[in-house]
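# Topology and contacts: notes
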Amino acid sequence: MIELAVLDIAGTTVEEHGAVYVALEEAVRAAGGRPGRQDVERWMGAGKREAITAMLTTPEGAPSPEAVESAFADFRDRLRRAYAERRPSPLPGVPEAIAALRAAGVKVALTTGFDREVTAGLLAEVGWDDGVLDAVVCVDDVAAGRPAPYMIFRAMEATGVRDVGRVLTAGDTVRDLEAGTNAGAAIVAGVLTGGLDASALGAVRHTHLLPSVAAIPSLLGLPA
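Just so it is clear, the structure is predicted and the values come from calculations on it, not from any experiment.

The helix and strand tally for the protein chain stands at ten helices and eight strands. Its C-alpha atoms give the protein chain a radius of gyration of 17 Å, near enough to 17 Å, the size a compact globule of 224 residues would have. Along the first, second and third principal axes, the C-alpha atoms of the protein chain reach 55 × 35 × 30 Å. Counting across all 224 residues of the protein chain, residues that qualify as buried make up 48%. Taking the contacts inside the protein chain whose residues are at least 6 apart along the sequence as the reference set, 67% of them involve residues at least 24 apart.

Looking now at the packing of aromatic side chains. In the structure shown here, the tally under the stated rule is one aromatic pair. The lysine or arginine in question, R49, covers the ring of F72, its NZ or CZ lying 3.9 Å from the ring centre.

Another point: the pattern of salt bridges. Summed over the entire model, instances satisfying the criterion amount to 18 salt bridges. The closest approach of N and O atoms between D39 and R42, which form a salt bridge, is 3.0 Å. Note that D39 and R42 are positioned in helix 2 (residues 37-42) at a spacing of three residues, about one turn of the helix. Note on D39: relative accessible area 25%, which makes it partly exposed. The partner of E69 in a salt bridge is R49, with the nearest N and O atoms 2.7 Å apart. On the criterion of sequence distance, the pair formed by E69 in helix 4 (residues 65-85) and R49 in helix 3 (residues 48-56) is long-range, its members being 20 residues apart. For E69, a relative accessible area of 37% puts it in the partly exposed group.

The next subject is the environment of R37. Mapped onto the fold, R37 is located in helix 2. The class for R37 is partly exposed, based on a relative accessible area of 47%. The spatial distance from the C-alpha of R37 to the C-alpha of Y21 is 9.6 Å, given a sequence separation of 16 residues.

So, on to unusual backbone geometry. Put simply, R146 and P147 share a cis peptide bond, and its omega is 10°. Tracing the backbone shows P147 in the loop between strand 5 (135-138) and helix 7 (150-159).

Its place among the elements puts D172 in the loop between strand 6 (167-171) and helix 8 (174-183). The side chain of D172 is buried and forms no salt bridge, while R146, the nearest opposite charge, is found at 6.8 Å.

Moving on to the pairing of strand 1 (residues 4-8). Burial of strand 1 is extensive: five of the five residues sit out of reach of the surface. Bridge count between strand 1 and strand 4 (residues 107-112): five bridges; the pairing is parallel. The residue bridging V6 from the neighbouring strand is A109, located in strand 4. Judged from the four bridges that link them, strand 1 and strand 6 form a sheet pairing that is parallel.

So, on to the pairing of strand 5. Note: strand 4 against strand 5, four bridges, orientation parallel. Bridged to L110 within strand 5 is V136.

Read across the sheet, six strands follow the order 5-4-1-6-7-8 without closing on themselves; strand pairing throughout is parallel. The open sheet is flanked by strand 5 and strand 8 (208-210), the only strands paired with a single partner. Between one strand axis and the next, the sheet turns through 20° on average, direction left out of account. In the packing of helix 6 (residues 116-126) onto the sheet, the strands contacted are strand 4 and strand 5, and the crossing angle to strand 5 comes to about 140°.

Rules of the game
For every chain, the first residue of the written sequence is number 1, and numbering continues from 1 onward in sequence order. Side-chain atom pairs in this predicted model are given and counted only at pLDDT of 80 or more, local residue features only at pLDDT of at least 70, and totals for whole chains, interfaces and linings cover all residues. Think of the side-chain values as coming from all heavy atoms in the structure, minus any hydrogens and water. By definition, any uninterrupted DSSP run of H or I lasting at least four residues is a helix, any uninterrupted run of E lasting at least two residues is a strand, and each is numbered from the N terminus. Throughout, the radius of gyration refers to the C-alpha atoms, and the reference size of a globule is 2.2 Å times the residue count to the power 0.38. To sort residues, take the accessible area from a 1.4 Å probe on protein chains only and compare it with the maximum for the residue type: under 20% means buried, over 50% means exposed, and anything in between is partly exposed. In what follows, residue pairs with any heavy atoms lying within 4.5 Å of each other are defined as contacts. Here a pair means two rings of Phe, Tyr or Trp (six-membered ring of Trp) with centres within 6.5 Å. Their orientation is stacked below 30 degrees between planes, edge-to-face above 60, and tilted elsewhere. Whether a charge lies above a ring is judged from NZ of Lys or CZ of Arg, which has to be within 6 Å of the ring centre and within 35 degrees of the ring normal. Take a side-chain nitrogen of Lys or Arg and a carboxyl oxygen of Asp or Glu: if they are within 4 Å of each other, that pair is a salt bridge. Only four residue types enter the tally: Lys and Arg on the positive side, Asp and Glu on the negative side, with His and both chain ends excluded. DSSP bridges decide pairing: two strands pair if at least two such bridges lie between them. The convention used is that axes are lines fitted to C-alpha atoms, helices contributing only their stretch in contact, and that angles between N-to-C directions extend from 0 to 180 degrees.

This is the structure:
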């Protein structure tokens, strides 16, 4: 019996049209970095400060903390403008899936590589307040982001779930799957609603590949 579903946000439960990775690449380039598509993909699902630091690191050394914070502020501004121009929305079938899980007694937590400020704004855009979810865990709530399992453990702590054998995780990036595996979750599902296809996600340890979070209630044998 699954007691807790831990779901990623961007690309997994929320359609934000890839704006986060466009904003990330643009901010890194504006700060002097030269990230390619593979560089950006490598850091999908990671904490954004960590990603910026990595993509600005050169053979000469890592960027200064001030440079990282400046690029991060630029990233948030770019993302805010992108969301204003093209509002994010729940992915099809996801609100219904969350409602079905909670109606069956499964708690639902969201985890994200965004900080709390960005996350709060994003969830407000899609109309998900505290009554819709059981917990929201941001990268700045823990010591390290994905692939570390800490956000999943924090979600367990917040919802009172003690057994990782009763936890399902789902996400659209390699790091989501790695975090679920590192946590020892019973179900580690990759979903194909983000920027990676089945070949990329299937190359990483997982238990299931699903077309969408909307398929999770069926996977658990719950009524639609």
